[in-house]
Amino acid sequence: MMRRRAGSPSSPPRPPQPIKERAAMRVASNDARHIIPDLIRRAESGETITLTRYHKEVAVIISAERYERLTRNLMEDN
């Protein structure tokens, strides 16, 4: 049995995928202490990191660029 390879001339072209923000990640605040450099890199790449304590959301890590964009939008709305 012969399989078609993706992208071969006989297969239809795939539509472009929309650009999405990376999915949110939840991390216990106690665990975050040990992996903060990785969490910062993830935030810089567009991921939202939610820190939890006793399964309750207590803080969020986002990139500085995203923070600036959000605060600028809030200031423009006021």
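Residues numbered from 1 in each chain as written. Predicted model: local features only at pLDDT ≥ 70, side-chain atom pairs only at ≥ 80, totals over all residues. Heavy atoms only, no water.

S.K.: Please explain unusual backbone geometry as it appears in this structure.
M.R.: Apart from glycine, the bulk of residues carry a negative phi angle, and the bulk of peptide bonds sit in the trans form. The backbone phi angle of Y54 is positive, close to 55°, even though this residue is not glycine. Structurally, Y54 can be placed in the loop between β2 (49–53) and β3 (56–61). A positive phi angle, close to 70°, is found at H55, a residue other than glycine. With respect to the helices, strands and loops of the structure, H55 is situated in the loop between β2 and β3. H55 gets classed as exposed once you look at its relative accessible area, which sits at 76%. (Helix = DSSP H or I, 4+ residues; strand = E, 2+ residues; numbered from the N terminus. Buried < 20%, exposed > 50% of the residue type's maximum accessible area, 1.4 Å probe, protein only.)

S.K.: Explanation requested: the sheet that holds strand β1 (residues 25–28) in the structure shown.
M.R.: By definition, the strands of a sheet pair up through backbone hydrogen bonds, in either a parallel or an antiparallel sense. On the basis of which strands lie adjacent, the open sheet formed by 3 strands has the order β1-β2-β3 and mixed pairing. Because the sheet does not close on itself, it has two edges, and the strands there are β1 and β3. Within this sheet the neighbouring strands show an average axis-to-axis angle of 35°, counted without direction. With 4 bridges connecting them, β1 and β2 associate as parallel partners. Bridged to V27 within β2 is L51. (Pairing = 2+ DSSP bridges. Axes fitted to C-alpha atoms, helices over the stretch in contact; angles between N-to-C directions.)

S.K.: I'm lost on the nonpolar core in this one. Help?
M.R.: Generally speaking, a soluble globular protein has its nonpolar side chains buried in company with each other. If you look at the biggest cluster of nonpolar residues, it comprises 7 residues: V27, A32, L39, A43, I49, L51 and I61. Listing elements by their share of this core, those giving two or more residues are α1 (29–44) and β2. Setting aside residues no more than four positions away along its own chain, L51 makes contact with V27, A32, L39, K56, E57, V58, A59 and I61. (Core = buried A, V, L, I, M, F, W, Y, C linked by side-chain atoms within 4.5 Å. Contact = heavy atoms within 4.5 Å.)

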